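The chain contents come next:
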There are 2 protein chains.
Amino acid sequence: MIKIIVDAMGGDNAPYATVAGAVQALEKDKELYLVLTGRQNEILNELGKYKYDKSRLEIVDCPDVIGMNDSPTEALRRKQSSMMAAYWMLKNNDDICAFVTAGSTGAAIAGGQLILGRIRGVKRPALCPAIPNSRGGVTLLLDCGANAECKPVMFCQFAILGTAYAKAGLNMSNPTVGLLNNGTEDHKGDNLHQKVYKYLSEMENINFIGNVEGRDIMIGNVDIVVADGFSGNIALKSIEGCGKLFLGVMKKEFSANLKSKIGYLFLRKAIKNMRAQLDFDKFGGALLLGLKKPVVKTHGSSKPVTIANSIANAASIYRGNLVPKVQELLSVTDLEAIAGECDD
Amino acid sequence: MIKIIVDAMGGDNAPYATVAGAVQALEKDKELYLVLTGRQNEILNELGKYKYDKSRLEIVDCPDVIGMNDSPTEALRRKQSSMMAAYWMLKNNDDICAFVTAGSTGAAIAGGQLILGRIRGVKRPALCPAIPNSRGGVTLLLDCGANAECKPVMFCQFAILGTAYAKAGLNMSNPTVGLLNNGTEDHKGDNLHQKVYKYLSEMENINFIGNVEGRDIMIGNVDIVVADGFSGNIALKSIEGCGKLFLGVMKKEFSANLKSKIGYLFLRKAIKNMRAQLDFDKFGGALLLGLKKPVVKTHGSSKPVTIANSIANAASIYRGNLVPKVQELLSVTDLEAIAGECDD
């Protein structure tokens, strides 16, 4: 049995999307047991719409909900909230394996660091989405916003965290790592990125292939893209904006007149395939890497399928032994020797 | 008459694309007079394929070509090259209004700064592409890579340069300016971006609307996005990668089987419209802003239509009085007072 806790009140469509997603996840994976935190009445109300295996779901009543605009400090104080209650249970119960939330990113990071805690030796957790690429797979991008300012040693750790995720969650045996930079040449970037390039080159337990550019993320020339949280966030959101524009233009053009509507009928399946390949929701949220247990943060606008996929993602990462893999990679990498002087 | 000089040997498809583009541009704009620099024989060979007004085109024979991998320092030394010869003529001839090149970006920036020279008061030139947005217009993004490390005062100048471009080249009367950051809240970003936010807020001659995110570039919630060259480059290339993936998936899916091929026939016009709206080539390259005359750098892979549009873009910016507009905005903005202390 894999017991996962789900913040049933997190996100714009909660508890409808979270409850529906939880039911879908239970249906797909018979080993799952879910704990939903949130307002019991509202959750029961949603659950009433579905058939599900009641022996594999429980509710923990939490009267409070953290808003998307609450500051992380404020959020941490609210122990009765669906998110922070979940973090406390995750911390205090050995049998709870992982946590899924569509709530505020800032609060999720704060709770992860200050309630659940980091894996021993990890300096800062990183937010790591899996982004669809043109090889039909995904590219991991971390950090994407947990840390606006990064020291060199943090990049080295992101490389370790990403490698562990790719091995544990995505069955990659020797995933490649690239450094997000403003060009592929060795000397590119500011002082910080030049330093990081050198340190990553010296690491033995990752498969570093050098600098990569923004375009390599979706082209998929690399498995793991390591970035400072500022640049990673800008890359991720630039991609989101581009995808949104593309789908918007497609929708407009394909319903412009009778001829295009007829064409659409013929292409419906192709367009569905296309959307599926480009659909971030399919990949089940961003992992908050470096914490003592897997935490998956999905988009605030998550639909039921996104929640279900995020739960499946959390289960798969747990099954793949993410945390032990991170520990193993950390233990065999002497970061002090490589980047020790940069930790000031 | 508007005399524009064109680097006929720049880019992967030169001189075929540059010559064909020049001929197209001459045909469209009867006021244009073009000077092509490059290997005379090769240019004449290409010109032989077309009918064009010979009284409005001349060739300056340059035996040398700068490669995409030559260092900027190396490139500057090669005065006989099509790019550097063009820069020297641009500098020394008052009647030459602007310059268009598809050659190496690094060389174009170096030549612009060190041969042509900056507008008095401009600290660093910025690379500024116009990116299609969902409003059907374009968003300017600068800097996109001319300066990997930026001081606060440079961001303030980018805001001025972008505003002048939007007014001179795009007929915007009061273009909005946003700061590329990892969130829209006032306090977002690292120290540098927090400082820049404050300075931009205090500038009176730009229409600053606050922080913007990567997604706002293509959604088009803002006219001008100001960024350090590192982040701007990552945003631009992330968008490029996403667009490439999208078009690739579309091509694959729409030719997957007979049904989708039939659908494609009905949707051909819609898809053409779609490509046109998302086609960077249409917008005629990136402006190298802050120099004494307009310089347009187009993609190395430019096709004839891209070159033609870049020439038209250069002409339109010249007609719109870009350089005087930059000078005017610089003269009424007391950057010393706003960001004086940051110039260290």
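The structure under discussion appears in the preceding block.
The present account deals with the structure reproduced in this document. Quick caveat, the model's predicted, so the values are computed rather than measured.

In this section: the overall build of chain A. Looking only at helices and strands, one finds 13 helices and 11 strands in chain A. The C-alpha radius of gyration of chain A comes to 20 Å, within 12% of the 20 Å expected for a compact globule of 344 residues. Its C-alpha atoms give chain A principal-axis dimensions of roughly 60 × 60 × 35 Å. Looking at chain A as a whole, 60% of its 344 residues are labelled buried. Put simply, 73% of the contacts in chain A that link residues at least 6 apart link residues at least 24 apart. For chain A, the distance from the average site of its 40 positive side-chain charges to the average site of its 36 negative ones is 8 Å.

All names here are of chain A. The set of residues buried in helix 5 (residues 105-116) consists of A107, A108, I109, A110, G111, G112, I115 and L116. Where the residues of helix 5 are buried, they touch helix 3 (72-77), helix 4 (82-92), strand 4 (96-101), strand 10 (286-289) and strand 11 (295-297). Where helix 5 begins, one side-chain oxygen reaches toward the backbone nitrogen of G106, 3.4 Å away; that side chain belongs to S104. Phi turns positive one or two residues past the end of helix 5, at G117, with a value near 95 degrees.

All right, on to the pairing of strand 10 of chain A then. Residue and element names in this part refer to chain A. Residues A286 and L288 of strand 10 are buried on one face, and the alternating residues L287 and L289, pointing to the opposite face, are buried as well. Pairing analysis gives 4 bridges linking strand 5 (residues 126-132) to strand 10, with the strands arranged antiparallel. Paired with A126 across the two strands is L289, which belongs to strand 10. Sheet topology note: the strand 10/strand 11 ladder contains 3 bridges and is antiparallel. Counted as the bridge partner of A286 is K297 from strand 11.

This part takes up empty space enclosed by the protein. Residue and element names in this part refer to chain B. For the coordinates displayed, the defined rule picks out 1 cavity of 30 Å³ or more. The space that makes up the largest cavity amounts to roughly 40 Å³. As for the largest cavity, its lining consists of I119, L287, L288, L289, G290, L291, K293, P294, V295, L322, V323 and V326. Among the secondary structure elements, those contributing two or more residues to the lining of the largest cavity are strand 10 (286-289) and helix 12 (322-331).

Right, let's talk about the interface of chain B and chain A for a bit. Facing 54 residues of chain B, the contacting portion of chain A comprises 55 residues. Summing both sides of the interface, chain B and chain A together bury roughly 4,700 Å²; the carbon and sulfur share of this comes to 73%. Counting the contacts that link chain B with chain A gives 4 salt bridges. Taken together, chain B and chain A are joined by 6 residue pairs in polar contact (both at pLDDT 80 or more).

The biggest cluster of nonpolar side chains holds 101 residues, and the ones touching the most others in it are Y87 of chain A together with Y87 of chain B. Beyond its immediate chain neighbours, meaning those up to four positions away, Y87 of chain B contacts F99, A107, A108, G111, G112, I115, L116, L288, L291 and V295 of chain B.

It is worth spelling out the pattern of salt bridges at this point. Close approach of charged atoms allows side chains of opposite charge to pair. Residue and element names in this part refer to chain A. One pass over the full model with this rule turns up 32 salt bridges over all chains. Ionic pairing is found between R77 and E74, a salt bridge with its closest N-O pair at 3.1 Å. Taken together, the residues R77 and E74, both in helix 3 and 3 residues apart, mark about one turn of the helix. Using a relative accessible area of 29% as the deciding quantity, one classes E74 as partly exposed. Taken together, the salt bridges that share partners define one network made up of D64, D70, E74, R77 and R78.

For these two chain copies, the linking operation is a rotation about an axis paired with a shift along it. The operation relating chain B to chain A is a screw motion whose rotation component is 180 degrees, with 0.0 Å of axial translation and a residual RMSD of 0.1 Å. Taken together, the rotation angle and the small translation identify this as a two-fold axis. The rotation axis passes nearest to the C-alpha of G263 of chain B in chain B, at a distance of 2.1 Å. Interface overlap between copies is the fraction of interface residues in one copy that are interface residues in the other; for chain B against chain A it reaches 100%, indicating a shared surface.

Residue and element names in this part refer to chain B. In total, this model carries 9 aromatic pairs over all chains according to the counting rule given. Ring centres of Y87 and F99 lie 4.9 Å apart, and the angle between their planes is 70 degrees; this geometry places the pair in the edge-to-face category. Of the two residues, Y87 is situated in helix 4 (residues 82-92) and F99 in strand 4 (residues 96-101); the sequence distance between them amounts to 12 residues. Residue classification places Y87 among the buried residues on the basis of a relative accessible area of 0%. With a centroid separation of 5.6 Å and an interplanar angle of 70 degrees, the aromatic rings of Y197 and F208 are classed as edge-to-face. Highlighted residues: Y197 in helix 7 (residues 191-202) and F208 in strand 8 (residues 207-212), separated in sequence by 11 residues. For F208, a relative accessible area of 17% translates into the label buried.

Turning next to the packing of helix 1 (residues 16-28) of chain A against helix 2 (residues 40-47) of chain A. Residue and element names in this part refer to chain A. Where helix 1 meets helix 2, the axes come as close as 9 Å, and the angle between the chain directions of the two elements is 55 degrees. With respect to their mutual orientation, helix 1 and helix 2 come out oblique. At the point where helix 1 passes helix 2, the crossing takes the right-handed sense. For the pair helix 1 and helix 2, the contacting residues are Y16, V19 and V23 in the first and I43, E46 and L47 in the second.

A separate point is a positive patch on the surface. Taken together, the side chains of K259 of chain A together with R268, K269 and K272 of chain B make up a positively charged region of the molecular surface. A total of 3 residues in the positive patch trace back to one element, the largest contributor, which is helix 10 (residues 258-278) of chain B. Summarising the element assignment, R268 of chain B is placed in helix 10.

A few words now on the pairing of strand 6 (residues 138-142) of chain A. Residue and element names in this part refer to chain A. With respect to burial, strand 6 is a largely interior element, 5 of its 5 residues being buried. Side chains of strand 6 alternate between two faces, with V138, L140 and L142 and T139 and L141 buried alike. One ladder, built from 3 bridges, connects strand 5 with strand 6; its direction is antiparallel. The partner of P132 across the bridge, within strand 6, is V138. Taken together, strand 5 and the strand that follows it, strand 6, pair antiparallel across an intervening segment of 5 residues, in which G136 is found at a positive phi of about 85 degrees. Direction of pairing for strand 6 relative to strand 9 (residues 224-226): parallel, over a ladder of 3 bridges. Residue pairing for strand 9: L140 is matched across the bridge by I224.

What counts, and at which threshold
- Residues numbered from 1 in each chain as written.
- Chains lettered and ligands numbered in written order.
- Predicted model: local features only at pLDDT ≥ 70, side-chain atom pairs only at ≥ 80, totals over all residues.
- Heavy atoms only, no water.
- Helix = DSSP H or I, 4+ residues; strand = E, 2+ residues; numbered from the N terminus.
- Rg over C-alpha atoms; globule rule 2.2 N^0.38 Å.
- Buried < 20%, exposed > 50% of the residue type's maximum accessible area, 1.4 Å probe, protein only.
- Contact = heavy atoms within 4.5 Å.
- Lys, Arg positive; Asp, Glu negative; His and termini not counted.
- Charge placed at Lys NZ, Arg CZ, Asp CG, Glu CD.
- Polar contact = N/O pair within 3.5 Å; in protein donor to acceptor, adjacent residues only side chain to side chain.
- Pairing = 2+ DSSP bridges.
- 1 Å grid on protein atoms, 1.4 Å probe; cavity = no way out; pocket = protein on both sides within 12 Å on 5 of 7 lines; lining within 4 Å.
- Points joined across faces, edges and corners; volume = space filled by probe spheres on them.
- Buried area = accessible area lost by both parts, 1.4 Å probe.
- Salt bridge = Lys/Arg side-chain N within 4 Å of Asp/Glu carboxyl O.
- Core = buried A, V, L, I, M, F, W, Y, C linked by side-chain atoms within 4.5 Å.
- Least-squares fit on C-alpha atoms with pLDDT ≥ 70 in both.
- Phe/Tyr/Trp six-rings, centres within 6.5 Å; stacked < 30°, edge-to-face > 60°.
- Axes fitted to C-alpha atoms, helices over the stretch in contact; angles between N-to-C directions.
- Parallel < 35°, antiparallel > 145°, perpendicular 65-115°, else oblique.
- Left-handed = near helix turned anticlockwise from the far one by under 90°.
- Patch = residues over 30% accessible without salt bridge, like charges linked within 9 Å, V, L, I, M, F, W, Y side chains within 5 Å.
- Areas by Shrake-Rupley, 256 points an atom, 1.4 Å probe, with all protein chains shown as cover.

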